[in-house]
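Spelled out from the first residue to the last, the chains are:
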Amino acid sequence: MNDFKKDILIGLMFIAGIWSFISGQFIFSTVLFASAAIYSNIVMRAPFKG
């Protein structure tokens, strides 16, 4: 997966988290925010293989 697709995935998780927070689904939004943060940290710290 290239960097653009990874950025899109992280952005979609973040936007879905904001949308679910506005909708009042606080537990689901917390899970989405946490998964976006963890995934972005894993992607940023992964060694470059190219």
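Preceding this paragraph is the structure being described.
Residues numbered from 1 in each chain as written. Predicted model: local features only at pLDDT ≥ 70, side-chain atom pairs only at ≥ 80, totals over all residues. Heavy atoms only, no water.

Here we come to the overall build of the protein. From N to C terminus, the protein includes two helices and zero strands. Here the protein holds 50 residues, and the buried ones make up 18% of them. Of the roughly 4200 Å² of accessible surface on the protein, a fraction of 73% belongs to carbon and sulfur atoms. (Helix = DSSP H or I, 4+ residues; strand = E, 2+ residues; numbered from the N terminus. Buried < 20%, exposed > 50% of the residue type's maximum accessible area, 1.4 Å probe, protein only. Areas by Shrake-Rupley, 256 points an atom, 1.4 Å probe, with all protein chains shown as cover.)

Tracing the chain through its elements places Ser20 in helix H1 (residues 3-23). Using a relative accessible area of 3% as the deciding quantity, one classes Ser20 as buried. With near-sequence residues (within four places) excluded, Ser20 lies in contact with Gln25, Phe28, Ser29 and Leu32. (Contact = heavy atoms within 4.5 Å.)

Let us now look at the side chain of Ser29. Residue placement: Ser29 occurs in helix H2 (residues 26-45). Among the residues examined, Ser29 registers a relative accessible area of 1% and is labelled buried. Within polar-contact distance, the side chain of Ser29 engages the backbone oxygen of Phe26 at 2.9 Å. Residues contacting Ser29, with those up to four places away along its chain left out, are Gly17, Ser20 and Phe21. (Polar contact = N/O pair within 3.5 Å; in protein donor to acceptor, adjacent residues only side chain to side chain.)

If you check H2, its first and last C-alpha atoms are 28 Å apart, about what 20 residues at 1.5 Å a residue would give, namely 28 Å. In this fold, the buried residues of H2 make contact with H1. (Expected span 1.5 Å × (residues − 1).)

Our focus in this paragraph is the packing of H1 against H2. Where H1 meets H2, the axes come as close as 8 Å, and the angle between the chain directions of the two elements is 160°. Compared by their axis directions, H1 and H2 come out roughly antiparallel. Both H1 and H2 take part in a crossing whose hand is left-handed. Only Phe26, Phe28, Ser29, Leu32, Phe33, Ser35, Ala36, Tyr39, Ser40 and Val43 of H2 make contact with H1, whose side of the interface consists of Lys6, Leu9, Ile10, Met13, Phe14, Ala16, Gly17, Ile18, Ser20 and Phe21. Of the residues assigned to the contact of H1 with H2, the class counts are 14 nonpolar, five polar and one charged. (Axes fitted to C-alpha atoms, helices over the stretch in contact; angles between N-to-C directions. Parallel < 35°, antiparallel > 145°, perpendicular 65-115°, else oblique. Left-handed = near helix turned anticlockwise from the far one by under 90°. Nonpolar A, V, L, I, M, F, W, Y, C, P; charged D, E, K, R; others polar.)

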